[in-house]
Amino acid sequence: MGLFMVKIRKKIILLTAILLTVFLGVGAVLAFPHLNFDSAGAETTVTTAAQGKVSLKELCLRHDVVEAVLPDGYSDSGLNELVAEGKLVVSSTKYKMEGGKLLGYDATTAALGQKVLLVLPANVTEINASDSDIGGVRVFRKLKSNVTGIAFAGNSIASIPAKCFQEFSNLRFAVLPDSVKTIGAEAFSNCNQLRDIVMPGVTSIESKAFETNTALLHVSLPDGIADSGVAAEAFLNAANLRDVEKPIAVSESKFPAAMNFYTSASRKSYLYVMES
């Protein structure tokens, strides 16, 4: 009987330990909803995590960018370091402009490879969102599978046109300048790899702008955006969106898949990608 009772006690202790482990594990996940885990269960970098600002260098490393198209005269210390370390190649591809309108790139210059960062020229005020090439200019929409990141050298453009980057299947990050106030309808729809979106000055996100962005887990909206500035279907079918930072006036219903909401007063620094 004594041996039997000892075995029973051991089983009770083991069961208690298992229950405590499960309870504490769930508690940890609830307490730290910003953590991501890979298929093997290892903790990975948070989708839009960074304490304060994140550099283009960090984004390029995070998303395995190996080539960059830069405007003439543009320089970034972090990108220069990657070039010096042999981790990034600067393409000889040249942008083609017509006034302030970015038409595309010169089709006679080097063809682009994969995992490319586009840093768009400082004087861009408009982006050609056409699917058709113009003479010797190749439009960006022909680069749907090449582009991994998009950034801007300047602060002149006011809006991202409708469908501009739609179906860019390998786009993982976009850093918009303060000057961008509007993200057009379907501008980033079906960008199924988009993880990091920086939009510090945006006041209007139009219908289906981020539709079916299944890799987008966290979104941080600027304080200046109103409820009317976020279309009802702006994040339609963004099925894995989990954490949203937003002004208190913006309705949670605009983010049907999200689980956690943080207002300006309770903003979590780990969700901020970049501040202006």
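You'll find the structure just up there.
Remember, predicted model here, so these are calculated numbers, not experimental data.

Participant: Can you walk me through the side chain of Asn 128 in this structure?
Facilitator: Counting through the fold element by element, Asn 128 comes out in the loop between β8 (126-127) and β9 (137-138). Taking the relative accessible area as the measure of exposure, Asn 128 reaches 8% and is therefore buried.

Participant: Quick question: what am I supposed to make of helix α3 (residues 77-84) here?
Facilitator: Because each turn of an α-helix spans 3.6 residues, side chains separated by three or four positions end up pointing in the same direction. Buried within α3 we find Gly 78, Leu 79 and Leu 82. Each buried residue of α3 lies within a common arc of 100 degrees when the element is viewed along its axis, so the set occupies one face. Opposite the buried face of α3, at more than 90 degrees from it, the exposed residues are Ser 77 and Ala 84. Those residues of α3 that are buried lie in contact with α2 (56-62) and β7 (116-120). Capping of α3 at its N-terminal end is provided by Asp 76; its side-chain oxygen lies 3.0 Å from the backbone amide nitrogen of Gly 78. At the exit of α3 stands Gly 86, carrying a positive phi of roughly 75 degrees.

Participant: Please explain the nonpolar core as it appears in this structure.
Facilitator: The biggest cluster of nonpolar side chains holds 48 residues, and the ones touching the most others in it are Phe 188, Met 199, Ile 205, Phe 210 and Phe 235. The set of elements that each furnish at least two residues to this core consists of β6 (101-106), β7 and β10 (147-152). Aside from chain neighbours lying at most four places away, what touches Phe 210 is Ile 183, Phe 188, Leu 194, Ile 197, Met 199, Ile 205, Ala 234, Phe 235, Leu 236 and Ala 238. Cys 60, Val 65, Leu 82 and Leu 88 belong to the second-largest nonpolar core, a separate cluster that totals 16 residues.

What counts and how
Residues numbered from 1 in each chain as written. Predicted model: local features only at pLDDT ≥ 70, side-chain atom pairs only at ≥ 80, totals over all residues. Heavy atoms only, no water. Helix = DSSP H or I, 4+ residues; strand = E, 2+ residues; numbered from the N terminus. Buried < 20%, exposed > 50% of the residue type's maximum accessible area, 1.4 Å probe, protein only. Arc of directions from axis to C-beta. Contact = heavy atoms within 4.5 Å. Polar contact = N/O pair within 3.5 Å; in protein donor to acceptor, adjacent residues only side chain to side chain. Core = buried A, V, L, I, M, F, W, Y, C linked by side-chain atoms within 4.5 Å.

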